[in-house]
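# A closer look at the structure
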Amino acid sequence: GGPGAPAPAPSASTYKPTPVAQLLGLGGTPASTYGPAGGTQAPAGANMGAGGAPGQELVEEKIGVPNGVVGYIIGKGGESITDMQRRTGCRVQIQKEHEMQAGSTQRVITLTAATKEAVSQCRGIIEGMVQERLRLNAQSQTHQNHHQVQIRGGGGTNAASQAAQLQQALAEG
């Protein structure tokens, strides 16, 4: 699994991610449960409508990531994506593989939150993960290429004798 980075200490701002998470249906409360009746304690005077009700503008942003990185972003059992959503208060929706455009290698990730800051913080985390993954993939590519070059190098007769030695070694066990 990924490194279990501790969540950053909450800053002294008045922004509280919990109601957002509940609004987006992330707080374990079904999205169909509206308002305080669902057992959620809405702060007094917080007349935030559920979902797309007037007065609650959600910021939405779509980003594209390489299809091969999606599993890494989601994490084992969804732990990376869950942690990211908890830390930023931003909802992360990843396009299903069968919804991708034919021939596309990019998956669209939709980020939704109550503030631009939450969306950009979450985008930063995802972009960092994509960069890290691509760097790791590039490293393993260069190692593979490096080995291929070593095996190929040396010309025809040498390669043939190497193959003969390998056959002999395999036969001897």
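Residues numbered from 1 in each chain as written. Predicted model: local features only at pLDDT ≥ 70, side-chain atom pairs only at ≥ 80, totals over all residues. Heavy atoms only, no water.

A word on the overall build of the protein. A count of helices and strands for the protein gives five helices and three strands. Counted from the first residue to the last, the protein has its helices and strands arranged as α-β-α-α-β-β-α-α. Buried residues in the protein amount to 22% of all 173 residues. Carbon and sulfur atoms provide 54% of the accessible area of the protein, an area that totals close to 11,700 Å². (Helix = DSSP H or I, 4+ residues; strand = E, 2+ residues; numbered from the N terminus. Buried < 20%, exposed > 50% of the residue type's maximum accessible area, 1.4 Å probe, protein only. Areas by Shrake-Rupley, 256 points an atom, 1.4 Å probe, with all protein chains shown as cover.)

What follows deals with the confidence of the model for the protein. Averaged over every residue, the pLDDT of the protein is 73; residues scoring 70 or more account for 55%. Of the regions scoring below 50 in pLDDT, residues 15-22 engages in 14 contacts with residues more than four places distant in sequence or in other chains. In this model, residues 25-54 is a region of pLDDT below 50 whose contacts with residues beyond four sequence positions or in other chains number 24 contacts. (pLDDT = per-residue confidence, 0-100. Contact = heavy atoms within 4.5 Å.)

Quick look at the side chain of Thr110 now. As for its position among the elements, Thr110 is in strand 3 (residues 106-113). Within polar-contact distance, the side chain of Thr110 engages the side chain of Lys62 at 3.3 Å. Excluding anything up to four places from it in sequence, Thr110 contacts Glu60, Glu61, Lys62, Arg91, Val92 and Gln93. (Polar contact = N/O pair within 3.5 Å; in protein donor to acceptor, adjacent residues only side chain to side chain.)

With that settled, the discussion passes to the pairing of strand 2 (residues 91-94). On strand 2, burial follows the alternation: Val92 and Ile94 on one face are buried, whereas Arg91 and Gln93 on the facing-out side are not. Where strand 2 and strand 3 come together, four bridges link them in antiparallel fashion. Across the sheet, residue Gln93 finds its bridge partner in strand 3, namely Thr110. (Pairing = 2+ DSSP bridges.)

Under the defined criterion, the tally for this structure stands at five salt bridges. Across the pair Glu60 and Lys62 runs a salt bridge whose closest N-O atoms are separated by 3.4 Å. For the pair Glu60 and Lys62, one class covers both residues: exposed. In this structure, Asp83 engages Arg87 in a salt bridge whose closest nitrogen and oxygen atoms are separated by 3.1 Å. Placement of both Asp83 and Arg87 in helix 3 (residues 79-88) is noted, with a separation of four residues, approximately one turn of the helix. (Salt bridge = Lys/Arg side-chain N within 4 Å of Asp/Glu carboxyl O.)

Now for helix 3. Within helix 3, burial applies to Ser80, Ile81, Met84, Gln85 and Thr88. Relative to the axis of helix 3, the buried residues are bounded by an arc of 130° and lie together on one face. Once helix 3 finishes, Gly89 follows within two positions and takes phi at roughly 70°, a positive value. (Arc of directions from axis to C-beta.)

The strand order across the open sheet built from three strands is 1-3-2, with neighbouring strands paired in antiparallel fashion. Every interior strand has two partners, whereas the edge strands, strand 1 (59-66) and strand 2, have only one. Averaged over all neighbouring strand pairs, the angle between strand axes comes to 25°, with direction disregarded. (Axes fitted to C-alpha atoms, helices over the stretch in contact; angles between N-to-C directions.)

It is worth spelling out the nonpolar core at this point. Nonpolar side chains in soluble globular proteins tend to be buried together. In terms of nonpolar packing, the biggest core is built from 20 residues, with Ile73, Met84, Val92, Ile109, Leu111 and Ile126 touching the most fellow members. Of all the elements in the fold, those that place two or more residues in this core are strand 1, helix 2 (70-74), helix 3, strand 2, strand 3 and helix 4 (116-152). A per-element tally of this core places helix 4 first, with seven residues. For Ile73, the contacting residues outside a window of four places in its chain are Val65, Ser80, Ile81, Met84, Ile94, Ile109, Ile126, Met129 and Val130. (Core = buried A, V, L, I, M, F, W, Y, C linked by side-chain atoms within 4.5 Å.)

Among the eight residues that make up strand 3, six are buried, leaving the element largely enclosed by the rest of the structure. Examined bridge by bridge, strand 1 and strand 3 share eight bridges and lie antiparallel to one another. Residue pairing across strands places Pro66 opposite Gln106, the latter belonging to strand 3.

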